[in-house]
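# Report on the structure
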Amino acid sequence: MSQTTASRPREASQPKVGALIRALRKRNHMTLQQLGEAATLSVGYLSQIERDRATPTLGTLAQIARAFEVGVEYFISAPSPASAHTRQDERPRFSIDGSSIIYERLGIEFPGSALSSFIMTVPPGFQSETVSHEGEEILYVLEGELTQWLDGAEIIMAAGDSLHFRGNVPHAWANRTEVPVKLLWTGTLTLFRSSARPRTIKNNQTGDRPASSLEHQKAHSKERQS
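Below is a short write-up of the structure. (Residues numbered from 1 in each chain as written. Predicted model: local features only at pLDDT ≥ 70, side-chain atom pairs only at ≥ 80, totals over all residues. Heavy atoms only, no water.)

## Comments concerning the environment of arginine 53
Mapped onto the elements of the fold, arginine 53 is located in the loop between α3 (43-50) and α4 (58-68). Here arginine 53 falls in the exposed class, since its relative accessible area comes to 64%. For arginine 53 and glycine 18, which are 35 residues apart along the polypeptide, the C-alpha to C-alpha distance reads 8.7 Å. (Helix = DSSP H or I, 4+ residues; strand = E, 2+ residues; numbered from the N terminus. Buried < 20%, exposed > 50% of the residue type's maximum accessible area, 1.4 Å probe, protein only.)

## Focus: the side chain of threonine 147
Looking at the secondary structure, you find threonine 147 in strand β5 (residues 145-150). Among the polar contacts listed, one links the side chain of threonine 147 to the side chain of arginine 176, at a separation of 3.2 Å. The contacts of threonine 147, once residues within four sequence positions are left out, are Glu154, Ile155, Ile156, Ala172, Trp173, Ala174 and Arg176. (Polar contact = N/O pair within 3.5 Å; in protein donor to acceptor, adjacent residues only side chain to side chain. Contact = heavy atoms within 4.5 Å.)

## Focus on the nonpolar core
Counting residues in hydrophobic clusters, the biggest one holds 46 residues, and the most contacted among them are Ile21, Phe68 and Phe75. With seven residues, α4 is the largest single contributor of residues to this core. (Core = buried A, V, L, I, M, F, W, Y, C linked by side-chain atoms within 4.5 Å.)

## Quick word on unusual backbone geometry
The bulk of non-glycine residues show a negative phi, and the bulk of peptide bonds are trans. Residue histidine 29 is not a glycine yet carries a positive backbone phi of 55 degrees. Relative to the helices and strands, histidine 29 resides in the loop between α1 (17-27) and α2 (32-39).

## Side note on the sheet that holds strand β2 (residues 102-105)
Strand-to-strand pairing in sheets goes through backbone hydrogen bonds, with the strands running parallel or antiparallel. Ordered in space as β1-β2-β3-β9-β4-β7, the six strands form an open sheet in which the pairing is antiparallel. The open sheet is flanked by β1 (93-94) and β7 (162-166), the only strands paired with a single partner. As defined by bridge partners, strand β4 (residues 136-143) adjoins β7 across five bridges and the pair is classed as antiparallel. Within β7, the position partnered with isoleucine 138 by the bridge is histidine 164. (Pairing = 2+ DSSP bridges.)

## Regarding empty space enclosed by the protein
Evaluation of the coordinates by the stated rule reveals two cavities of 30 Å³ or more. Taken as a whole, the largest cavity holds about 210 Å³ of empty space. Surrounding the largest cavity, 18 residues form its lining, Thr57, Gly59, Glu137, Trp173 and Trp185 being those nearest its centre. For the lining of the largest cavity, the secondary-structure elements that each account for two or more residues are α4, β3 (116-122) and β8 (171-174). Partitioned by chemical class, the residues of the lining of the largest cavity number ten nonpolar, six polar and two charged. Around the second largest cavity sit Met120, Leu139, Leu146, Trp173, Leu183 and Trp185, which together line it. Its residues assigned to classes, the lining of the second largest cavity shows six nonpolar, no polar and no charged. (1 Å grid on protein atoms, 1.4 Å probe; cavity = no way out; pocket = protein on both sides within 12 Å on 5 of 7 lines; lining within 4 Å. Points joined across faces, edges and corners; volume = space filled by probe spheres on them. Nonpolar A, V, L, I, M, F, W, Y, C, P; charged D, E, K, R; others polar.)

Okay, structure coming up:
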């Protein structure tokens, strides 16, 4: 599928992802260091994102969103399937502003749901950032050849190959070929929420700021597993 067939998440007159992240961080009196610790991302990479010199993948944007206690729909317009049954020609597609990856959302939201799933079309030459996060992921290559790095080890994945791993293992991937790669991604990393309104907690040193996922887990450690 060519990149021109994807619906862009924002009009040209609307703020880019980097500007939205910076504005939300400033509004919640967070430093880049605080956001980096909450999202488990480096300060340097976050700075590049805010200045639109780097474009996060959907998974990385979800980590940033979790630090603010919002869903990724706060930053992008990601259409949801109308029902649990989706047809190939009718499935909603989107991309992150500034990114050439096309996402096809397969899953829907319902009470207790834990999985997110997408078909991703990765253009030639694209390489993701190295990330780690909670949960787990499964990759299944539908077309092309994907290079995956998992805890420093390089894995070449061809069509029909799969990989299942814990999200807290540092990982990255790239399309080092001259043709697009299509893959099925499924994971337990929460990407969407029913509300995109940021939630804040009181911090005596920095004022009101969003509760990070770690703080949220500590507050409810007696009620659920981290």
